[in-house]
Amino acid sequence: MRDSIRLALERSAELTRNNQFVKAVQVAESAFERADDIEHGEIKQWLTDHRDDFVHAPGETAR
């Protein structure tokens, strides 16, 4: 996937962790709209692989 889309997903996770849900959805939605068919599959996999990033900072373990 393009770096711009990955960065948008990472930003969406950061916003979610900071309780800025509306902005997080706007950022993620923008990434989804820019993605092509191949990237949609990559986004789905990224979201699966990084689901904890939406609750904990990357590399932070659950308490």
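Attention here is on the structure that accompanies the text.

## Some details on the pattern of salt bridges
Moving on, step 1. Per the counting criterion, the structure on display carries four salt bridges.
Moving on, step 2. Among the salt bridges present, the one from Arg6 reaches Asp3, with a minimum N-O distance of 3.5 Å. Of the two residues, Arg6 and Asp3 are both situated in helix 1 (residues 3–17); the distance of three residues between them amounts to about one turn of the helix.
Moving on, step 3. Salt bridges sharing partners connect three or more residues here, namely Asp3, Arg6 and Glu10.

## Observations concerning helix 3 (residues 37–49)
Moving on, step 1. Here helix 3 contains 13 residues, and its C-alpha end-to-end distance of 19 Å stays within 8% of the 18 Å for a straight helix at 1.5 Å per residue.
Moving on, step 2. Within helix 3 the residues assigned to the buried category are Glu39, Ile43 and Trp46. All buried residues of helix 3 lie within an arc of 65° about the axis, which places them on one face of the element. When the buried face of helix 3 is taken as reference, the exposed residues oriented beyond 90 degrees from it are Asp37, Ile38 and Lys44.

Conventions we followed
- Residues numbered from 1 in each chain as written.
- Predicted model: local features only at pLDDT ≥ 70, side-chain atom pairs only at ≥ 80, totals over all residues.
- Heavy atoms only, no water.
- Salt bridge = Lys/Arg side-chain N within 4 Å of Asp/Glu carboxyl O.
- Helix = DSSP H or I, 4+ residues; strand = E, 2+ residues; numbered from the N terminus.
- Expected span 1.5 Å × (residues − 1).
- Buried < 20%, exposed > 50% of the residue type's maximum accessible area, 1.4 Å probe, protein only.
- Arc of directions from axis to C-beta.

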